[in-house]
Amino acid sequence: IFVRVALGTLLERYGPVNVQCGLMLFGAYWVALSSIIFSDWSFILIRTMIGCVGASFVTNQFWCSLMFAPTIVGTANATAAGWGNLGGGVTQIFIVW
């Protein structure tokens, strides 16, 4: 939640393209570091940082609002969010326990 609030400020200051790029680079750095997890605390730290990338949802909603006309922006945002939720649901169905 804290990352989402911070992203709102960054989006208004730097724009969605720059913020999304920075967020993906931040995530790539921590995913690369996940190959050297050596203890419980390093796992928790790295997994927390990777989890922060989930806030990219905020960037995508902001971006959709800029790209579409006011008459259809609600539909565009709902469709983008819906596809994201569908992907999470399908993942839960096929996940190997």
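Everything quoted here is computed from the prediction, not taken from an experiment.

Draft legend 1. Structural view of the environment of Thr59. Checked against the element boundaries, Thr59 lands in helix 4 (residues 56-67). Assessed through its relative accessible area of 0%, Thr59 is described here as buried. When neighbours within four sequence positions are excluded, Thr59 is seen to be in contact with Leu7, Leu11, Pro16, Val19, Gln20 and Leu23.

Draft legend 2. Inspection of the packing of helix 1 (residues 2-14) against helix 2 (residues 16-33) at higher detail. Following both chains from N to C, one finds helix 1 and helix 2 inclined at 130°, their axes separated by 7 Å at the closest point. Relative to helix 2, the element helix 1 is oriented oblique. Within the contact between the two elements, helix 1 uses Leu7, Leu10, Leu11 and Tyr14 and helix 2 uses Pro16, Asn18, Val19 and Leu23. For the contact of helix 1 with helix 2, the residue count by class is seven nonpolar, one polar and no charged.

Draft legend 3. Focus on the packing of aromatic side chains. Counted according to the given criterion, the structure contains three aromatic pairs. Aromatic pair Phe26 and Trp30: ring centres 6.2 Å apart, planes at 65°, arrangement edge-to-face. Of this pair, Phe26 and Trp30 both sit in helix 2, four residues apart, roughly one helical turn. Accessibility expressed as a relative area gives 30% for Phe26, which makes it partly exposed. Here Phe38 and Trp41 contribute two aromatic rings whose centre-to-centre distance is 5.6 Å and whose plane-to-plane angle is 85°, an arrangement assigned as edge-to-face.

Draft legend 4. Molecular detail of helix 4. With 12 residues, helix 4 extends 17 Å between its outermost C-alpha atoms, agreeing within 8% with the 16 Å of an ideal straight helix rising 1.5 Å per residue. For helix 4, every residue scored as buried is listed here: Ser56, Thr59, Gln61 and Cys64.

Draft legend 5. Fine view of a nonpolar patch on the surface. There is a patch of nonpolar side chains on the surface, built from Trp83, Leu86, Val90, Ile93 and Phe94 and spanning about 600 Å² of accessible area. With respect to the helices and strands, the residue Phe94 is situated in helix 5 (residues 73-94). Looking at Phe94, the relative accessible area reads 64%, which means it is exposed.

Each value, and the rule that gives it
- Residues numbered from 1 in each chain as written.
- Predicted model: local features only at pLDDT ≥ 70, side-chain atom pairs only at ≥ 80, totals over all residues.
- Heavy atoms only, no water.
- Helix = DSSP H or I, 4+ residues; strand = E, 2+ residues; numbered from the N terminus.
- Buried < 20%, exposed > 50% of the residue type's maximum accessible area, 1.4 Å probe, protein only.
- Contact = heavy atoms within 4.5 Å.
- Axes fitted to C-alpha atoms, helices over the stretch in contact; angles between N-to-C directions.
- Parallel < 35°, antiparallel > 145°, perpendicular 65-115°, else oblique.
- Nonpolar A, V, L, I, M, F, W, Y, C, P; charged D, E, K, R; others polar.
- Phe/Tyr/Trp six-rings, centres within 6.5 Å; stacked < 30°, edge-to-face > 60°.
- Expected span 1.5 Å × (residues − 1).
- Patch = residues over 30% accessible without salt bridge, like charges linked within 9 Å, V, L, I, M, F, W, Y side chains within 5 Å.
- Areas by Shrake-Rupley, 256 points an atom, 1.4 Å probe, with all protein chains shown as cover.
- Salt bridge = Lys/Arg side-chain N within 4 Å of Asp/Glu carboxyl O.

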